[in-house]
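# Understanding the architecture of this molecule
These are the residues of each chain, in order.
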Amino acid sequence: MVQIKVKLFATLRNNREKEMMMDLAEGATPKDIIERLNISEEEATIIMINGRGAKLDTAIADNDTVSIFPPVGGG
């Protein structure tokens, strides 16, 4: 079991906590987090683990911080 911090940004915060602690199984990935939070892959376009870019299938370690961002609009 690993414990991580999850941070959500912008529209992903709607009806959700902006920051939360989460317990996950060993070998869990950001995909497991977004599924648990009912966030679609299209909504979670930027994923960072400890401030570094990550993919949906990147393994998460104990005490990691996972930040999830929606698509960034230009203008």
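Above this text is the structure in question.
All of these numbers come straight from a predicted model, not from anything done at the bench. (Residues numbered from 1 in each chain as written. Predicted model: local features only at pLDDT ≥ 70, side-chain atom pairs only at ≥ 80, totals over all residues. Heavy atoms only, no water.)

A side chain with one charge can pair with a side chain of the opposite charge if their charged atoms come near. The final tally for this structure, using the stated rule, is 2 salt bridges. Where Lys 5 meets Glu 19, a salt bridge forms, and the shortest distance between an N and an O atom there is 3.6 Å. Separated by 14 residues along the polypeptide, Lys 5 in strand 1 (residues 2-8) and Glu 19 in strand 2 (residues 19-24) bring together distant segments of the chain. For Glu 19, a relative accessible area of 39% gives the class partly exposed. Linking Lys 31 and Glu 41 is a salt bridge whose minimum nitrogen-to-oxygen distance equals 2.7 Å. Placement of the pair is Lys 31 in helix 1 (residues 30-36) and Glu 41 in the loop between helix 1 and strand 3 (46-49), with a sequence separation of 10 residues. (Salt bridge = Lys/Arg side-chain N within 4 Å of Asp/Glu carboxyl O. Helix = DSSP H or I, 4+ residues; strand = E, 2+ residues; numbered from the N terminus. Buried < 20%, exposed > 50% of the residue type's maximum accessible area, 1.4 Å probe, protein only.)

Moving on, we get to the pairing of strand 1. The two faces of strand 1 differ: Val 2, Ile 4, Val 6 and Leu 8 on one face are buried, but Gln 3, Lys 5 and Lys 7 on the other face are not. Where strand 1 and strand 5 (residues 65-69) come together, 4 bridges link them in parallel fashion. Bridged to Leu 8 within strand 5 is Ile 68. (Pairing = 2+ DSSP bridges.)

Turning our eyes to something else, we now look at the side chain of Thr 29. Tracing the backbone through its elements, the reader meets Thr 29 in the loop between strand 2 and helix 1. For Thr 29, the side chain forms a polar contact with the main-chain oxygen of Leu 56, separated by 3.3 Å. (Polar contact = N/O pair within 3.5 Å; in protein donor to acceptor, adjacent residues only side chain to side chain.)

Bringing the pairing of strand 3 into the picture now. A one-sided burial pattern is seen for strand 3, the buried positions being Ile 47 and Ile 49 and the unburied ones Ile 46 and Met 48. Of the pairings in the sheet, the one linking strand 3 to strand 5 comprises 4 bridges and is antiparallel in character. The residue bridging Ile 47 from the neighbouring strand is Ile 68, located in strand 5. With 3 bridges connecting them, strand 3 and strand 4 (residues 52-54) associate as antiparallel partners. Directly across from Met 48, in strand 4, lies its bridge partner Gly 53. With antiparallel pairing between neighbouring strands as the criterion, strand 3 and strand 4 make up a hairpin whose turn holds 2 residues, including Asn 50 at a positive phi of roughly 55°.

With that settled, consider the nonpolar core. Formed by 20 residues in total, the largest nonpolar core has its most connected members in Ile 4, Val 6, Ile 33 and Ile 68. Listing elements by their share of this core, those giving two or more residues are strand 1, strand 2, helix 1, strand 3 and strand 5. Ranked by the residues each element gives to this core, the list is headed by strand 1, at 4 residues. (Core = buried A, V, L, I, M, F, W, Y, C linked by side-chain atoms within 4.5 Å.)

A few words now on the packing of aromatic side chains. In this structure the tally under the stated criterion is 1 aromatic pair. Between Phe 9 and Phe 69 the ring centres are 4.2 Å apart and the planes differ by 10°, which places this aromatic pair in the stacked class. Taken as a pair, Phe 9 in the loop between strand 1 and strand 2 and Phe 69 in strand 5 lie far apart in primary sequence, 60 residues in all. A residue is classified by how much of its surface remains accessible, and Phe 9, at 23% relative accessible area, is partly exposed. (Phe/Tyr/Trp six-rings, centres within 6.5 Å; stacked < 30°, edge-to-face > 60°.)

Just distances and angles here, no functional claims.
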